[in-house]
Amino acid sequence: MAHRKTNGSKIFMTVLYMVAACRAVAINDLLDRASERSDIMHSLSTTLSHDLDSQFPPIGRVMPRPSMCHTASLQTPIDKYQALQVSESDLLSLARSLLQAWEDPLAVLSTSANTLPHPAQSSISNKIQELQEHSKNLGDGLDILSGKMGPAAQTIASLPYRGGNDIGDDRISKLINFNFLLSCFRRDSHKIDSFLKILRCRAAKMQPEMC
């Protein structure tokens, strides 16, 4: 009887180990995919910024300050060292909060790109649509990931966009406001990408200096 109990305990522990291992692999896989998607998203926003600047040099223009971005109120780590001190759940919560905050502004950028007074208007419009697609797919993936990381990871800060749908009346205003909104997205996409890379690094049990 004791022998049967011992064997039963071993089988039970083996099953638990296999379940835990599968769960870990699933999280690692999700983080890999999310990190790849966020990297593409940030690279695309950088390319878009270059496309705009190539025809609209910064000389003489007055750009709004980064503190005027609608996500500026969210307290985030200011550098890699600070980010490494933040828990996994909180990092994911920050990434999801930033990403969700861009659902409406990306729609504004997409609509505005259709009539943007810029020589590369068609290319810019297509890339904005790609950003929307990557953002949605990344959001879906992070939703699944948050379900595996507990309640703290599922917390999302409210960061409403109140800029409206109109980005300006004249050519210069439209270009400046479009570029500013895109610069805010580029800034936040870099944060999202950085947070997810740290999470992927931790999941792979890499040393902090390697993250």
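See the structure shown above.
Residues numbered from 1 in each chain as written. Predicted model: local features only at pLDDT ≥ 70, side-chain atom pairs only at ≥ 80, totals over all residues. Heavy atoms only, no water.

Colleague: Tell me about the side chain of histidine 118, residues and numbers included.
Modeller: Within the secondary structure, histidine 118 is located in the loop between helix H4 (103-113) and helix H5 (121-149). The exposure class of histidine 118 is buried, given its relative accessible area of 8%. Polar side-chain contacts of histidine 118 include one of 3.3 Å to the backbone oxygen of aspartate 51. (Helix = DSSP H or I, 4+ residues; strand = E, 2+ residues; numbered from the N terminus. Buried < 20%, exposed > 50% of the residue type's maximum accessible area, 1.4 Å probe, protein only. Polar contact = N/O pair within 3.5 Å; in protein donor to acceptor, adjacent residues only side chain to side chain.)

Colleague: Provide a residue-level description of helix H6 (residues 171-203), including the pertinent values.
Modeller: Taking 1.5 Å of rise per residue, the 33 residues of H6 would be expected to cover 48 Å, and the 47 Å separating its terminal C-alpha atoms lies within 8% of that figure. Taking the backbone nitrogen of isoleucine 172 as reference, a side-chain oxygen 3.2 Å away marks aspartate 170 as the first, capping residue of H6. Lysine 205, located one to two residues past H6, shows a positive phi value of around 60 degrees. (Expected span 1.5 Å × (residues − 1).)

Colleague: Just give me the short version of the state of the cysteines, but keep the residues and values in it.
Modeller: Per the stated rule, a full pass over the model turns up 1 disulfide. The residue that forms a disulfide with cysteine 69 is cysteine 184, at a sulfur-sulfur distance of 2.0 Å. Of note, the bridge from cysteine 69 to cysteine 184 carries an S-S torsion of about -80 degrees and is left-handed in sense. On the criterion of sequence distance, the pair formed by cysteine 69 in the loop between helix H1 (2-55) and helix H2 (80-83) and cysteine 184 in helix H6 is long-range, its members being 115 residues apart. Residue classification places cysteine 184 among the buried positions, given a relative accessible area of 1%. (Disulfide = S-S within 2.5 Å.)

Function cannot be read off these values alone, since they describe shape.
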